[in-house]
Amino acid sequence: MAEKLLLWFLKDELAEEVLGDLDEKFYSTAEKHSTRKAKRNYWFQVINYMRPFAFRFLQSPRVIRSNSAAMFKHNLLISYRSFLRFKGNFFINLIGLSSGLACTLLIYLWVNDELSFDKFHEKDDRIYRVLQNDLSNGEVTTMPYMPGLLGQVLKADLPEVEETSMVIPPAFYGKKAYISADEKFIQAQEQYIEPGFLEIFSFPLIEGDPITALDDKFSVLISEDMSVKLFNTTEGVIGETVHFDDEGTSIDYIVSGVFENVPTNSTQQFDVLLNYQLMLKKDQYIDKWYNSNPYCYVLLKEGANADEFNVKIKNIIKQHHEGSTADLFIQKSSDAYLFGDFKNGVQVGGRIEYVKLFSLVAVVILVIACINFMNLSTAKATTRIKEIGVKKALGARRKTLVGQYYIESFLLTILGTFVALFITFLALPSFGKITGKSLSMDLSQNILLGLIFIVLFAGTLAGSYPALYLSKFKTTESLKGKFSQGFKDIWARKGLVILQLMVSIILIISVLVVSGQIEYIQSANLGYQRDNVLYFDNNGLKPEGYEAFQSRIKGIPGITRVTTTGHDLTGENGHTSGLTWPGKTTNQDINFMNLEMGVNFIETVGIELIQGRSYSTEVGDFRKEIIFNETAIRMMGLEDPIGKTIQLWGKDKKIIGIVKDFRAQSMYDAIEPTFIQAYRMAGKTMVKIQAGTEQQSLAQLQSVYEEYNPGFPFQYKFVDEDYQAMYQSELRVASLSKLFSLIAILITCLGLLGLTAFSTERRSKEIGIRKVLGSGSWRIVLLLTSEFTKMALLALVVALPIGYIISHQWLSNFADSIDLNAWYFIFTAMITLLVTLFTSGSLTIKAAISNPVKSLRSE
């Protein structure tokens, strides 16, 4: 404390000499008398120096002349010579920093793309989507689906509303339609909109008037790409006729405009825009207040308060539909992509969680890469300590030395950045495949600013500790080659390596758990058979020809089952609460999953029938029958349900069977109460193929398809592909976790090498003395590696519980998940210890077998 006080008020030019005298006096007094007396005397001398001539803040300003350019050039030369002198350290630092920077750049490009979604709309700050919280099966469910007349009511009744648009997106039917001109059939994503859509969103037209483009309900807007595919141009296409085929419906439309291609960072992706009024005519339930299908977008006026608007719209559905439990509210449209997850009516996250996760991973990897530079720089401090002493003796001030080491740090960071840019350029295509994005280094303003910030952050962080640590050495100690370390210095370096190990341990656990859950998902018993089951759209097929079409397919060798399907088994299904059954009470408000399938659907996918019978065209009338799953019967409280009559949307249906629970949605959700309705024909045909006959069966199937669907391409998809696609985000997280974990472990190993180099160099004379006194090489290796083993054990003690908490939290999102087996953590501990021993042992063995004469020889 006395020394700090002295350095606070004493002039810089007096500090070195005064401190030397006081230290010499202190040790002399302590040796002759006592430490207590030496401390008292030290304080007395410090107080005695509190005179005007010694105060730094009373000194007259000095004119300091320096050649900054020459000094900067000198520091660059010194840095270059240091890199040449310590080539091993230089390449280890360069590899570590460039790897960390490359990871950070890749993640930054991905995060920048994620944050840009839906932000390009000019009126983004005023665009909202309407959501509803509805009480279903005892929980509040949040949905974007609205009654079809909601937009008209909002615009007419609420003065805050500037414009509205009801939208039926391409996912509404779960399939693409076909558009044609001059016998060119092209698959297209259709979206039905109200005219206000083009006023709300920024999807500019190349040709046509956005205000009047869809006044005629048989008008159509097409994208640039679609225009080129159909007419080989984007000019002069207004007034052209295009033919539209969708689920057996064929309509001619007049092109009234061409819009620019939808940006890739838009959540709405469509090729064709159609008039919403067409859908109202096509589907009789859309404009009913008890039904919910389209999305509703609202453009609020300038200055409108969203919270006050929420209060006004909360009960609108209840006002038009007695018995409804739906509460409406709005969410900013551009927030839907990142903040789209709701639980029990409360926003709980979404893709923003992945953005936060990988942003944290980027920072952590960059930090542990910078830690390596710190450790390796301080490890070589013993070889540069006299350089520091000579510079200080010649008048170099501390800030000059700090500047030298920062220049060295930034020079290495800039070199690492060029290497990282090269690595990023090479890795972008593979990284894009993993993330499902088309990322590029376009060097836009955001990318450049981000790159500059990353370089400044890395250079400052990497150079901070070496610059401040090495420049604080005293002149006399530096010239004598003394290298004293305090407790804080030792534990600062060890603590940094322990932090690296902790990060690696948590990443290893995360990779093991995510991989285990993904493997469980892929092999889980879903209650149906998804292997060798495929489906395709019934595009140009007429309803009257469907039975003949099915009959031809059944005759193909290798095809064992054929059915039709209107929904899928991955959550894209209808829901309804419009059921009444015997004994239903007023508090039994159950929302059922509605699967509209063909007569042979249950047999085609192998769902187990546990009571009653399946649908049949020979027994009974399947249009008046219904089949439930176990969960539905249990929640309805029905006993002996077979033969009982329920009402669905006011029509009688007889229960003919009960199937064992099967999973028709994601594993994130619990199995829902479900019923299956049978239809003669739906939007898709589903086929079960015998294993081993796929190639021959598909060839004949294509021939039959093209015969009944002339002009339409045969495009099919396997059910297990749909199932895998449900967990695309988890598969990407697993792949990225493996990649970043390997990089983090690599960088951590470099950090261990840095600390090992520091330790072996510091203890080189000790190793020599031990060998001269007869100690064996392996005993010395064990002595040196024990230090790193202890650090690894300490990291395990702290990191394993953290890894368990993170893994448990992630798994809790799934309705069905793996157990956190102890082997995940035992395996992680074994890997960590083996990596630590191997990395530290590689240098300690070299030090242990070296000639002791070299380390003991005096300079």
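Here is what the cut-offs are and how they apply
- Residues numbered from 1 in each chain as written.
- Predicted model: local features only at pLDDT ≥ 70, side-chain atom pairs only at ≥ 80, totals over all residues.
- Heavy atoms only, no water.
- Helix = DSSP H or I, 4+ residues; strand = E, 2+ residues; numbered from the N terminus.
- Buried < 20%, exposed > 50% of the residue type's maximum accessible area, 1.4 Å probe, protein only.
- Areas by Shrake-Rupley, 256 points an atom, 1.4 Å probe, with all protein chains shown as cover.
- 1 Å grid on protein atoms, 1.4 Å probe; cavity = no way out; pocket = protein on both sides within 12 Å on 5 of 7 lines; lining within 4 Å.
- Points joined across faces, edges and corners; volume = space filled by probe spheres on them.
- Patch = residues over 30% accessible without salt bridge, like charges linked within 9 Å, V, L, I, M, F, W, Y side chains within 5 Å.
- Salt bridge = Lys/Arg side-chain N within 4 Å of Asp/Glu carboxyl O.
- Lys, Arg positive; Asp, Glu negative; His and termini not counted.
- Charge placed at Lys NZ, Arg CZ, Asp CG, Glu CD.
- Contact = heavy atoms within 4.5 Å.
- Phe/Tyr/Trp six-rings, centres within 6.5 Å; stacked < 30°, edge-to-face > 60°.
- Lys NZ or Arg CZ within 6 Å of the ring centre and 35° of its normal.
- Core = buried A, V, L, I, M, F, W, Y, C linked by side-chain atoms within 4.5 Å.
- Axes fitted to C-alpha atoms, helices over the stretch in contact; angles between N-to-C directions.
- Parallel < 35°, antiparallel > 145°, perpendicular 65-115°, else oblique.
- Left-handed = near helix turned anticlockwise from the far one by under 90°.
- Nonpolar A, V, L, I, M, F, W, Y, C, P; charged D, E, K, R; others polar.
- Expected span 1.5 Å × (residues − 1).
- Arc of directions from axis to C-beta.
- Bend = angle between axes of the 7 residues up to and from the residue.
- Polar contact = N/O pair within 3.5 Å; in protein donor to acceptor, adjacent residues only side chain to side chain.

S.K.: For this particular structure, what's the right way to read the overall build of the protein?
M.R.: When helices and strands are tallied, the protein shows 27 helices and 27 strands. Out of the 859 residues belonging to the protein, those deemed buried represent 49%. Per element, the accessible surface of the protein, about 41600 Å² overall, is 56% carbon and sulfur.

S.K.: What exactly am I supposed to notice about empty space enclosed by the protein here?
M.R.: Using the criterion set out here, one finds three cavities of 30 Å³ or more in the structure. Counted as a void, the second largest cavity has a volume near 100 Å³. Lining the second largest cavity are W110, R351, Y354, F358, T435, K437, S729, R732, V733 and L736. Top contributing element to the lining of the second largest cavity by residue count: helix 23 (residues 728–762), with four residues.

S.K.: Help me understand a positive patch on the surface in this model?
M.R.: A grouping of K25, K32, R36, K37 and R40 is seen on the molecular surface, where their side chains present a positively charged patch. Where the positive patch is concerned, the elements lending two or more residues are helix 2 (12–32) and helix 3 (35–48). Looking at the positive patch, the element that brings in the most residues is helix 3, giving three residues. Within the element layout of this structure, K32 appears in helix 2. By relative accessible area, K32 is classed as exposed at 65%.

S.K.: Explain the pattern of salt bridges to me, please; I cannot follow it from the model alone.
M.R.: In a structure, side chains of opposite charge can pair up when their charged atoms sit close to one another. Considering all chains together, one arrives at 15 salt bridges under this definition. The partner of R351 in a salt bridge is E114, and the shortest N-O contact between them spans 2.9 Å. Taken together, the positions of R351 in the loop between strand 15 (346–349) and helix 12 (352–379) and E114 in helix 5 (residues 87–115) put the pair 237 residues apart, joining distant regions of the chain. The partly exposed category is assigned to R351, whose relative accessible area is 22%. Across the pair E302 and R126 runs a salt bridge, and its minimum N-O distance is 3.4 Å. Note that E302 is positioned in the loop between strand 12 (295–300) and helix 10 (306–313) and R126 in the loop between helix 5 and strand 1 (127–136), a separation of 176 residues in sequence. Look at the salt bridges and you will find they share partners, linking D113, E114, R351 and K437 into a network.

S.K.: I would appreciate a short explanation of the side chain of R530 in the present structure.
M.R.: Looking at the element boundaries, R530 is found in the loop between helix 17 (487–523) and strand 16 (533–537). No salt bridge is formed by the buried R530; the nearest opposite charge belongs to D531, separated by 4.9 Å. Residue contacts for R530: discarding those within four places in its chain leaves I521, Q522, S523, A524, V719, D720 and Y723.

S.K.: Just checking my understanding: could you explain the packing of aromatic side chains for this structure?
M.R.: The geometry of an aromatic ring pair comes down to the distance between the two centres and the angle between the two planes. A complete count under the given rule lists 34 aromatic pairs for this structure. On the basis of an interplanar angle of 20° and a centroid distance of 6.2 Å, the ring pair of F453 and F457 is categorised as stacked. Of this pair, F453 and F457 both sit in helix 15 (residues 445–470), separated by four residues, roughly a single helical turn. Looking at F457, the relative accessible area reads 31%, which means it is partly exposed. The structure contains a cluster of three or more aromatic residues connected by ring pairs, namely F536, Y546, F549, Y705, Y708, F714, Y716 and F718. The positively charged end of R530 is found above the aromatic ring belonging to Y723, 4.3 Å away from the centroid.

S.K.: Just to check I follow, could you spell out a nonpolar patch on the surface for this structure?
M.R.: Residues V419, F422, I423, F425 and L426 make up a contiguous nonpolar surface patch of roughly 480 Å² in combined accessible area. With respect to the helices and strands, I423 occurs in helix 14 (residues 398–435). Residue classification places I423 among the partly exposed residues on the basis of a relative accessible area of 32%.

S.K.: How should I be thinking about the nonpolar core in this particular structure?
M.R.: In summary, soluble globular proteins display a tendency toward joint burial of nonpolar side chains. By size, the foremost hydrophobic cluster in this structure holds 71 residues, and its most contacted members are Y528, F592, F601, Y615, F628 and F662. Examining the composition of this core, we find that 11 residues originate from one element, helix 17, more than from any other. In this view, F601 contacts T563, L569, I607, I676 and M686; residues no more than four positions away in its chain are not counted. In this structure, V361, A362, F373 and A458 belong to the second largest nonpolar core, which totals 49 residues.

S.K.: Quick question: what am I supposed to make of the environment of I254 here?
M.R.: Among the secondary structure elements, I254 is positioned in strand 10 (residues 249–259). In this structure I254 comes out as partly exposed when scored by relative accessible area, which is 39%. Note: C-alpha distance between I254 and H243 (11 residues apart in sequence) is 8.9 Å. Those residues in contact with I254 that lie beyond four places of it in its chain are F218, S219, V220, G239, E240 and T241.

S.K.: What exactly am I supposed to notice about unusual backbone geometry here?
M.R.: Residues other than glycine predominantly adopt negative phi, and peptide bonds predominantly adopt the trans conformation. Its identity is not glycine, yet D118 carries a phi of approximately 65°, on the positive side. What makes D118 buried here is its relative accessible area of 3%. We note that W649 has phi near 55°; this positive angle belongs to a residue other than glycine. Tracing the backbone through its elements, the reader meets W649 in the loop between strand 23 (645–648) and strand 24 (651–659).

S.K.: Looking at this structure, I do not really get the packing of helix 18 (residues 546–554) against helix 21 (residues 694–708). What am I missing?
M.R.: Packed helices, taken two at a time, are described by their axes: the angle between them and the distance between them. Two elements in contact, helix 18 and helix 21, have axes separated by 10 Å at closest approach and are oriented at 165°. Relative to helix 21, the element helix 18 lies roughly antiparallel. Here helix 18 and helix 21 pass one another in a crossing that is right-handed. On helix 21, the residues touching A548, F549, R552 and I553 of helix 18 are L701, V704, Y705, E707 and Y708. Its residues assigned to classes, the contact of helix 18 with helix 21 comprises seven nonpolar, no polar and two charged.

S.K.: Sorry, what's going on with helix 3 here?
M.R.: Along an α-helix, residues three or four positions apart point the same way, because every turn accommodates 3.6 residues. The terminal C-alpha atoms of helix 3, which comprises 14 residues, lie 20 Å apart, in line with the 20 Å expected from a rise of 1.5 Å per residue. All of the buried residues along helix 3 are A38, Y42 and V46. End-on view of helix 3: buried residues confined to an arc of 75°, all on one side of the axis. Turned more than 90 degrees from where helix 3 packs its buried face, R36, R40 and F44 sit exposed. The inward-facing, buried residues of helix 3 contact helix 1 (2–9) and helix 2.

S.K.: How should I be thinking about the packing of helix 1 against helix 2 in this particular structure?
M.R.: Viewed as axis vectors pointing N to C, helix 1 and helix 2 meet at an angle of 155°, and their least axial separation amounts to 11 Å. For the element pair helix 1 / helix 2, the angle class is roughly antiparallel. The hand of the helix 1/helix 2 crossing is right-handed. Contacts between helix 1 and helix 2 pair E3, L6 and L7 from the former with A15, V18, L19 and L22 from the latter.

S.K.: Mind showing me how you'd approach helix 25 (residues 777–811) here?
M.R.: For helix 25, built from 35 residues, the straight-helix expectation of 51 Å at 1.5 Å per residue is met to within 8% by its first-to-last C-alpha distance of 48 Å. Approximately 30° is the largest bend angle found in helix 25, and it occurs at S786.

S.K.: Looking at this structure, how should I read the side chain of E163?
M.R.: Residue placement: E163 occurs in strand 3 (residues 161–168). Separated by 2.8 Å, the side chains of E163 and K155 make a polar contact. The contacts of E163, once residues within four sequence positions are left out, are K155, G196, E199, I200, Y297, V298 and L299.

S.K.: Just to check I follow, could you spell out the environment of Q187 for this structure?
M.R.: Note on placement: Q187 falls in strand 5 (residues 184–188). Since its relative accessible area comes to 27%, Q187 is described here as partly exposed. Along the chain, Q187 and D245 lie 58 residues apart, while their C-alpha atoms are 9.7 Å from each other. Among the polar contacts listed, one links the side chain of Q187 to the side chain of Y178, at a separation of 3.5 Å. At 3.1 Å, the side chain of Q187 forms a polar contact with the side chain of Q715.

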